[in-house]
Amino acid sequence: TFLLCFAVVLLHFVLALIVFSVRDLASSPESGALTDVPPAAAGTPAAAAAAVDFEPLWKYPSLSAEELRKVEDIAFVYNQATHIVRVAMVTRLADGGVVISGADGSAVRVDSEGKAFWRQKGSLLEVTLTSVDQLRTVATDPEVAWYTA
């Protein structure tokens, strides 16, 4: 029984050394990826993450098809409430405008001039998203353009 207890304690000790051993992580200055080794030495990334870009709705008609395919969510303010629409489909219209169809059945249309309109699920009427126009006028002022980024 002494040998059995000794073997169990030894096993726990070895497992504790493995679990609690210190491992240095470094960040690559070029990509920001976490690596196992200092940036000066060659190493493979320890982790990676997707980058997120934010584009205002009025710029959607000027985005490429590839950029539009990457859109996952859109957010806007209407009637003093923030709405977030999970994108199900993006369609480019013949006049250059874009229709973003939400997974909930709603749709946001941005015409070629950048004006945005929202049709809620089950509604036939579109409402104008005046907050988008207001933010667009703010974005032309260099003092506060950061607000729309």
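The coordinates are above.
What counts and how
- Residues numbered from 1 in each chain as written.
- Predicted model: local features only at pLDDT ≥ 70, side-chain atom pairs only at ≥ 80, totals over all residues.
- Heavy atoms only, no water.
- Helix = DSSP H or I, 4+ residues; strand = E, 2+ residues; numbered from the N terminus.
- Buried < 20%, exposed > 50% of the residue type's maximum accessible area, 1.4 Å probe, protein only.
- Contact = heavy atoms within 4.5 Å.
- Areas by Shrake-Rupley, 256 points an atom, 1.4 Å probe, with all protein chains shown as cover.
- Lys, Arg positive; Asp, Glu negative; His and termini not counted.
- Salt bridge = Lys/Arg side-chain N within 4 Å of Asp/Glu carboxyl O.
- Polar contact = N/O pair within 3.5 Å; in protein donor to acceptor, adjacent residues only side chain to side chain.
- Patch = residues over 30% accessible without salt bridge, like charges linked within 9 Å, V, L, I, M, F, W, Y side chains within 5 Å.
- Core = buried A, V, L, I, M, F, W, Y, C linked by side-chain atoms within 4.5 Å.
- Phe/Tyr/Trp six-rings, centres within 6.5 Å; stacked < 30°, edge-to-face > 60°.
- Pairing = 2+ DSSP bridges.

Caption draft 1: Layout of the overall build of the chain. Within the chain, the regular secondary structure consists of three helices and nine strands. When the helices and strands of the chain are read in sequence order from the N terminus, they spell out α-β-β-β-α-β-β-β-β-β-β-α. Counting the 149 residues in the chain, one finds 24% classified as buried. Looking at the chain alone, contacts between residues at least 24 apart form 23% of all its contacts between residues at least 6 apart. Accessible surface for the chain amounts to roughly 11000 Å². Of this, 61% is attributable to carbon and sulfur atoms.

Caption draft 2: Representation of the side chain of Asp111 in the model. The topology assignment puts Asp111 in the loop between strand S7 (107–110) and strand S8 (116–119). Nearest to the buried, unbridged Asp111 among oppositely charged side chains is Arg109, at 5.0 Å. A distance of 2.8 Å separates a polar atom in the side chain of Asp111 from the backbone nitrogen of Lys115. In this view, Asp111 contacts Pro61, Gly97 and Phe117; residues no more than four positions away in its chain are not counted.

Caption draft 3: Layout of the side chain of Ser101. In this fold, Ser101 is placed in strand S6 (residues 98–102). A relative accessible area of 18% places Ser101 in the buried class. With near-sequence residues (within four places) excluded, Ser101 lies in contact with Arg86, Val87, Ala88, Met89, Ser106 and Ala107.

Caption draft 4: How the structure looks around a nonpolar patch on the surface. On the surface, a cluster of nonpolar side chains totalling about 1300 Å² of accessible area is made up of Phe2, Leu3, Phe6, Leu10, Leu11, Phe13, Val14, Leu15, Leu17, Ile18, Val19 and Phe20. Locating Leu17 in the fold gives a position in helix H1 (residues 2–20).

Caption draft 5: Examining the nonpolar core more closely. Ranked by size, the top nonpolar core spans 18 residues in total, and within it Leu57, Tyr60, Ile74, Phe76, Ile100, Val108 and Leu129 carry the most contacts. Mapped by element, the contributors of at least two residues to this core are strand S4 (73–78), strand S5 (81–92), S6, S7 and S8. Leaving out residues up to four positions away in the same chain, Val108 has contacts with Leu57, Ile74, Phe76, Val98, Val99, Ile100, Phe117, Trp118 and Leu129.

Caption draft 6: View of the packing of aromatic side chains. Taken as a whole, this structure holds three aromatic pairs when the rule is applied. Judged by centre distance (6.4 Å) and plane angle (20 degrees), the ring pair of Phe2 and Phe6 falls under stacked. With Phe2 and Phe6 both in helix H1, this residue pair falls four residues apart, about one helical turn. A ring pair is formed by Tyr78 and Trp118, whose centres lie 5.6 Å apart and whose planes are at 70 degrees; its orientation type is edge-to-face. With a gap of 40 residues between them, Tyr78 in strand S4 and Trp118 in strand S8 connect regions that are remote in the sequence. A connected cluster of aromatic rings, assembled from ring pairs, spans Phe76, Tyr78 and Trp118.

Caption draft 7: Structural view of the sheet that holds strand S9 (residues 127–128). Pairing is antiparallel across the open sheet formed by six strands, whose spatial order is S4-S5-S6-S7-S8-S9. Across the chains shown, the open sheet's two edge strands, defined by having one partner strand only, are S4 and S9. Relative to S7, S6 runs antiparallel, the two being bridged by four bridges. In the strand pairing of S7, Val99 is matched with Arg109.

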